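Now for the letters of each chain:
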Amino acid sequence: MTMRIAGKVGLDDLPRICPLISRQNNPKFKAGESLVVEVGPAKFGGELPVVIAGPCAVESEQQTLQIARSVKSAGADMLRGGAFKPRTSPHDFQGLGLEGLKILRAAANETRLPVVTEVIDVRLVETVAQYADMLQIGSRNMQNFPLLVEAGRSGKPILLKRGMAASLVEWLGAAEYIANEGNLNIVLCERGIKAYPYYEYSRYTLDLNVIPAAHAETFLPVIVDPSHATGVASMVEQASRAAIEAGADGLIIEVFSGCAGAERPKCDADQAIDPFTLSRIARHAHREGNGTVFVAGRWFRCA
Ligand code: PEP
Ligand code: MN
């Protein structure tokens, strides 16, 4: 007699678990084709990878504006920044909250970069949706099902981080909760998983294999967060290049440029890269010199 285990699911179960987003159930997306998720001019799953960059957390108006301007000139397509931060300790900086959202919106308007920010609480979805162009569901909340439902109902595009200990099936099941609310504007984000050697020479393990695997199983675009995956600033560029070569549809990267009164970020300082490094990453991601040019703050593909 074979032992049966409750709750055990595998890739073969995907058509049942996520009929709305599985490639197998949606044959109109041919092999290799992705749904294009548009956030203003940024097109995830389009011709060019989308580079999102900005601070880990919004700390002040000056810091956010300065970083927003520098990532814009480095070639980023979108701005990131946390106003509500999920921190390990309640005594750590929790983000500026509503004030942070206002600062982010102002920085996004000035630089004309669409902005993504995390929503950590089901009660805050409506408020965050008023200020952000895209809502981020963080790794720690990937299976917060009421939050996924509410975020899906907001009608905003959703950046769904992979839980740090989530299988591909669980991740896609989470995306299905959003899709089930009639919202297919979902971008998946691999951000490193807990695997040996956790916190020895890097923060997490960047699972590059999941990029082609996710592309095979769903038509949703897949991006990579090399900042949280490595936790080491000097590893971010190599991880970014590797992700692009593995077929990632974009990157989300933490950047810091020192400003008066803030020499180091309040959170994730050791993984923040400078704008010059970001510019090299953006040029590689957009394949500068191979038919793309950066003109007036936007990337264009030449015919
Ligand atoms: C973040 O991007 O700010 C973040 C907290 O990421 P993650 O949820 O992947 O840890
Ligand atoms: Mn961070």
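So, here's what we can say about the structure. (Residues numbered from 1 in each chain as written. Chains lettered and ligands numbered in written order. Predicted model: local features only at pLDDT ≥ 70, side-chain atom pairs only at ≥ 80, totals over all residues.)

1. Observations regarding the overall build of the chain
So, step 1. A tally of regular secondary structure across the chain gives 10 helices and 12 strands.
So, step 2. Over its C-alpha trace the chain gives a radius of gyration of 18 Å, about what one expects of a compact globule, namely 19 Å for 303 residues.
So, step 3. Once the C-alpha set of the chain is aligned to its principal axes, its extents read approximately 70 × 50 × 40 Å.
So, step 4. Looking at the chain residue by residue over its 303 residues, the buried ones come to 49%.
So, step 5. For the chain, the proportion of contacts with a sequence separation of at least 24, taken over those separated by at least 6, is 68%. (Helix = DSSP H or I, 4+ residues; strand = E, 2+ residues; numbered from the N terminus. Rg over C-alpha atoms; globule rule 2.2 N^0.38 Å. Buried ≥ 20, exposed ≤ 12 C-beta atoms within 10 Å, placed from the backbone. Contact = placed C-beta atoms within 7 Å.)

2. Here's the deal with the pairing of strand β12 (residues 298-301)
So, step 1. Two strands pair when backbone bridges link them, and strand β11 (residues 292-295) and β12 are joined in this way by 4 bridges, in the antiparallel orientation. Paired with V293 across the bridge in β12 is F300.
So, step 2. Taken together, β11 and the strand that follows it, β12, pair antiparallel across an intervening segment of 2 residues, in which A296 is found at a positive phi of about 50°. (Pairing = 2+ DSSP bridges.)

3. With respect to helix α10 (residues 275-285)
So, step 1. When α10 is considered as a whole, its buried residues turn out to be P275, L278, S279, I281, A282 and A285. One face of α10 carries all of its buried residues, which in axial projection span an arc of 165°.
So, step 2. Packed against the buried residues of α10 are β3 (50-54), α2 (61-74), α9 (233-245) and β10 (250-254).
So, step 3. Trailing α10 by a residue or two, R287 shows a phi angle of about 55°, which is positive. (Arc of directions from axis to C-beta.)

4. Details of unusual backbone geometry
So, step 1. With an omega dihedral of 0°, the bond running from Y196 to P197 counts as a cis peptide bond.
So, step 2. The residue P197 is located in the loop between β8 (186-190) and α7 (210-217) in this model.
So, step 3. Backbone geometry at D268 places phi at a positive 60°, although glycine is not the residue there.
So, step 4. Looking at the element boundaries, D268 is found in the loop between β10 and α10.
So, step 5. A positive phi angle is found at A296, which is not glycine, with a value near 50°.
So, step 6. One can find A296 in the loop between β11 and β12.

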